[in-house]
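Structure assessment
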Amino acid sequence: AKQRASVRWLLSKAYNNRVPEILKDPFYRDHEGQDHLKPQIVVGLGNASIYCQVLSNIYSDPNYQSLNHWSILQTLSRKGVPLNESSDQPLTETVLIQTNPLRINAHMTVIEALMVLYAKEVASSGRISSALERISGCSVAPTVQHHEAALLNWISHVCGALKKRIDYELTANGGGGAAAVDEYGQRHQSPNVPPVRDFRELCDGVCLAYLISYYCPKLVPWHSVKFNHVPTITDSIHNILIVSNFSERSLPYTVFHMSPEDITYMRGSMKQNLVVLLADLFNLFEIHPAKCVCYPGMEQQSPDATGAGATNEHGIAHRRGFANQPTIAAIPDLRPGLDSPSSSSGGGGSGTSSGGNGGAGGVGCSSASGNGAINRPPFQGLALIYLL
């Protein structure tokens, strides 16, 4: 499950969230019932082309296209991303280029490091603080947070803002209306969701579903989420299915690369997969809002306020300006009419004199024009413009 979810995320970034149909399931099953990575993926991991494509896409920088495994490891190290190497198998290029058999555990280390890099770039402290200010309606003191803590803080604020909206709706409607009761005729109660402190608290799917309900209340009504103080497995699967179906049907591209059971029974190894899910949702809710997103005050918010104008579709700022380059103005014509035929003859005489009168070895440049202007042959004017 970890390998499938991680490779699916890697392919989504390598193909700019438009994965070919044949690679949407990265594994195939042989005649013995064993799952194997598809050959084109094995080749791409072995020659590092998939990793190069991921870095090139998320940074909008084609210079990442020609890296080898060692250069990719060095790039991750320079960007402050640790590599959790195994003690019994060092992470070297010799190990990563092997394809028969593929050292999948070594490649999982690289993929997880790319996940950390992506989430770190998208969920920066400044972006999270700006989102919290808009959600809470009050200024938030800028603090430098780890991207994982910042994402959890974002979810907590969203759930708190959603509770205020729910309390207002229940009070304004006087507790009446069809939406005020569930399928059993019981009156809906406002949920009391505590702040999220750890990613394991997201395993019941409540906060993930409420996160979507805040940004897309028409698609995911808050009362469709099953909230219990002691969640059951059935309730958890129901809530996570809301997130999965929303990703498949309502977003421009799917960001849910796990199965509902992967989150419900989440172990520590699936944590980074959940982190990049939240980073993708933050990009599609706050940085590049999808068409289905509709939160309070969204109409008055300009694209510059979300930072979308300076980022690519992955929500990462352009590094080298290969996208959205400013238009370069054309070089102005410094001597209009210099090369026109009329300028070859002056007002008072011929513009071309004899070789002895030119003083430049045969090319005449006399000042015989009546207005005192110096007449030059057309090719000299062109050479001057090219030099400028």
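Throughout, residues of each chain are indexed from 1 in the direction in which the sequence is written. Per-residue local features of the predicted model are confined to residues with pLDDT of at least 70, and side-chain atom pairs are confined, for both listing and counting, to 80 or more; whole-chain, interface and lining totals are unaffected and use all residues. No hydrogens and no water enter the side-chain calculation; it runs on all heavy atoms of the structure.

The name an unreviewed UniProt entry gives the protein chain is Calponin-homology (CH) domain-containing protein, with Anopheles quadriannulatus as the organism.

Turning to the state of the cysteines, a few remarks are in order. Disulfide: a pair of cysteine sulfur atoms within 2.5 Å of each other. The tally for this structure, following the rule as stated, stands at zero disulfides. Here Cys 216 is not disulfide-linked; the sulfur of Cys 292 is the nearest cysteine sulfur, at 3.7 Å. The classification of residues rests on relative accessible area computed with a 1.4 Å probe and restricted to protein chains. Under 20% of the type maximum is buried, over 50% is exposed, and intermediate values are partly exposed. Residue classification places Cys 216 among the buried residues on the basis of a relative accessible area of 1%.

What follows deals with the packing of helix 8 (residues 147-172) against helix 9 (residues 206-215). Here helix 8 crosses helix 9 at 60 degrees, and the two axes come no closer than 9 Å. What the angle tells us is that helix 8 and helix 9 run oblique. Like other packed secondary-structure pairs, helix 8 and helix 9 cross with a definite hand, here left-handed. Residues Trp 154, Ile 155, Val 158, Cys 159, Ala 161, Leu 162 and Arg 165 of helix 8 form the contact with helix 9, whose participating residues are Cys 207, Tyr 210, Leu 211, Ser 213, Tyr 214 and Tyr 215. The residue makeup of the contact of helix 8 with helix 9, split by class, is 11 nonpolar, one polar and one charged. Axis definition: a line fitted to C-alpha atoms, over the contacting stretch in the case of helices. Angles run 0 to 180 degrees between N-to-C directions. Only DSSP runs of H or I with at least four residues qualify as helices, and only runs of E with at least two residues qualify as strands; both kinds are numbered from the N terminus onward. Here roughly perpendicular refers to angles of 65 to 115 degrees, roughly parallel to angles under 35, roughly antiparallel to angles over 145, and oblique to all remaining angles. Here a crossing is called left-handed whenever its near helix is offset anticlockwise from the far helix by less than a right angle, and right-handed whenever the offset is clockwise. Only heavy atoms matter for contacts: two residues are in contact if any of them lie within 4.5 Å across the pair. Classes in brief: Ala, Val, Leu, Ile, Met, Phe, Trp, Tyr, Cys and Pro nonpolar; Asp, Glu, Lys and Arg charged; the others, Gly included, polar.

Further remarks concern the side chain of His 69. If you trace the backbone, His 69 turns up in helix 4 (residues 69-78). Judged by its relative accessible area of 3%, His 69 is buried. In contact with His 69, not counting residues within four places along its chain, are Leu 45, Gly 46, Asn 47, Ala 48, Tyr 51, Glu 93, Leu 96, Ile 97 and His 107.

For an α-helix, 3.6 residues make a turn, and residues three or four places apart therefore share a direction. Counting buried positions along helix 9 gives 10 out of 10 residues, so the element sits mostly inside the fold. Burial in helix 9 covers these residues: Val 206, Cys 207, Leu 208, Ala 209, Tyr 210, Leu 211, Ile 212, Ser 213, Tyr 214 and Tyr 215. Tucked into the core, helix 9 has its buried residues touching helix 7 (125-136), helix 8, helix 10 (233-249), helix 11 (260-264) and helix 12 (271-287).

Further remarks concern unusual backbone geometry. Here the bond from Asn 100 into Pro 101 is cis, since omega is 5 degrees, no more than 30 degrees from zero. Among the structural elements, Pro 101 can be located in the loop between helix 5 (93-96) and helix 6 (104-122). Located in the positive-phi region is Asn 16, a residue other than glycine, with phi close to 55 degrees. Take Asn 16: it is sitting in the loop between helix 1 (2-14) and strand 1 (27-29). Here the phi dihedral of Ser 60 falls at roughly 50 degrees; this positive angle occurs in a residue that is not glycine. Relative to the elements of secondary structure, Ser 60 occurs in the loop between helix 3 (49-59) and helix 4.

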